[in-house]
Amino acid sequence: MERRILGGTGISVSEYAFGAMMLGQWGNPDHEEGVRMLHTALDAGVNFWDTADMYSHGENEQIVGKALKGRRDEVVLATKGFFQMGADPNQGGLSRRWLTRALDDSLRRLDTDYIDLYQVHRPDPTTDIEETLSVLTDFVRAGKVRAIGSSDFPAEQIVEAQWVAEKRGLARFRAEQPPYSIFNRAIEAAVLPTAQKYGMGVLTWSPLASGWLSGRYTKPSDVDLSEGRKTLQVHKFDPALPENAVKFEAIAKLKKIADDLGRPMTHLATAFVRAHPGVTSAIIGPRTPAQLDDLLAGADLVLDDDVLDRIDEIVPPGTDLNSAEKDYTPPALADKRLRRR
């Protein structure tokens, strides 16, 4: 497994990160199997593990904590805070009040005394970025956190956070975690160049585009909208929507490229993400040992320019195949009151 340095931190991380989201009630409820999967990945050289407090409402961090026992020094551990963890409105967001508790709760569930990379899971329009950076800086100075990062931040908010950190003498975001796949390339236009400009590491998620690039879906009848998260994310999966219908044509063309390489679609998809010079590590999120084995087997694939050019012809650089798939919508677009006098 190749290693890269995470931004300017000096921390060496694998070019694959184990995204643990599917371990626990959201995916694989078998804790012991989850621990074995994490250890299998670590033994294969995947030293970067990513979780979050809200995954399976804390259960995910508990599973990762079990896997850390006896091997903590081998792992670069990342977790995140922001999403609601209770009914009270103050049990979420990026305020000092909430993040102080959220971090302590994560440390307890993970059964560790420090986090290598603590990330804010989404922007919070209700909290000044200086307030958030101030408490994150205190975490670093207290030794609870080694480095801080953002997730799903638009380029302009990455710039603002960097400017505020410099102006106020605060710790700055050293990493960004955006979605990135052959089907979701919008971050190539501004987010990745901005992260590169500021020397930030980039930890990308969903290289298989929520499973579309797993090879599982080749025709509309393959999509069962009653299955799991598809009931909540119909906009990503409903084949009747024109934005999703075009995916099948793209998949057929991509399968031809994968077949020419003698590799499964999963290997092509993850190799594409790793090929971008702005990407430090690609998060893989297996639910089963078989899925993990398949993804690990693709770690050696390097795509040449001819293959990347063929992919560019299918999904142009800087575009999302389905523009409705964004996981963060700025308030200026989500709230119509902000667009009307």
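Residues numbered from 1 in each chain as written. Predicted model: local features only at pLDDT ≥ 70, side-chain atom pairs only at ≥ 80, totals over all residues. Heavy atoms only, no water.

Across its full length, the protein chain holds 12 helices and 10 strands. A globule of 341 residues ought to have a C-alpha radius of gyration of about 20 Å, and the protein chain, at 19 Å, matches this closely. When the 341 residues of the protein chain are sorted by exposure, 54% land in the buried category. The contacts of the protein chain with a sequence gap of at least 6 include a subset with a gap of at least 24, amounting to 77%. Total accessible area computed for the protein chain in this model is approximately 15,000 Å², and 51% of it derives from carbon and sulfur atoms. (Helix = DSSP H or I, 4+ residues; strand = E, 2+ residues; numbered from the N terminus. Rg over C-alpha atoms; globule rule 2.2 N^0.38 Å. Buried < 20%, exposed > 50% of the residue type's maximum accessible area, 1.4 Å probe, protein only. Contact = heavy atoms within 4.5 Å. Areas by Shrake-Rupley, 256 points an atom, 1.4 Å probe, with all protein chains shown as cover.)

Backbone geometry places His57, a non-glycine residue, at a positive phi of 50°. Backbone geometry places Ala209, a non-glycine residue, at a positive phi of 55°. The topology assignment puts Ala209 in the loop between β9 (201-204) and α7 (234-237). Its relative accessible area of 5% is what places Ala209 among the buried residues.

Right, let's get into the packing of helix α1 (residues 31-43) against helix α2 (residues 59-68). In a packed pair of helices, the relevant descriptors are the angle between the two axes and the axis-to-axis distance. Relative orientation of the contacting elements α1 and α2 amounts to 55°, with a least axis distance of 9 Å. Classed by the angle they form, the pair α1 and α2 counts as oblique. In the crossing of α1 with α2, the sense of the turn from one axis to the other is right-handed. Of the residues in α2, those touching α1 at His31, Gly34, Val35, Leu38 and His39 are Glu59, Ile63, Val64, Lys66 and Ala67. Among the residues forming the contact of α1 with α2, the class breakdown is five nonpolar, three polar and two charged. (Axes fitted to C-alpha atoms, helices over the stretch in contact; angles between N-to-C directions. Parallel < 35°, antiparallel > 145°, perpendicular 65-115°, else oblique. Left-handed = near helix turned anticlockwise from the far one by under 90°. Nonpolar A, V, L, I, M, F, W, Y, C, P; charged D, E, K, R; others polar.)

This part is about the pattern of salt bridges. Two side chains of opposite charge can pair, provided their charged atoms sit close to one another. With the rule as written, the count across this model stands at 24 salt bridges. Between Arg71 and Asp43 there is a salt bridge; the shortest N-O distance is 2.9 Å. Pair noted here: Arg71 is in the loop between α2 and β5 (76-81) and Asp43 is in helix α1, with a separation of 28 residues, a long-range link. Note on Arg71: relative accessible area 18%, which makes it buried. Judged by its relative accessible area of 57%, Asp43 falls in the exposed class. (Salt bridge = Lys/Arg side-chain N within 4 Å of Asp/Glu carboxyl O.)

A word on the pairing of strand β7 (residues 145-151). Where burial is concerned, most of β7 is hidden: six out of the seven residues are buried. In this fold, strand β6 (residues 115-120) hands off to helix α4 (residues 129-141), which returns the chain to β7; that crossover is right-handed. The sheet contact formed by β7 and strand β8 (residues 175-177) spans three bridges and is parallel. Of the residues in β8, the one forming a bridge with Ser150 is Glu176. Once you follow β7 into helix α5 (residues 155-168) and on to β8, the crossover reads as right-handed. (Right-handed = clockwise from strand over helix to strand, strands pointing away. Pairing = 2+ DSSP bridges.)

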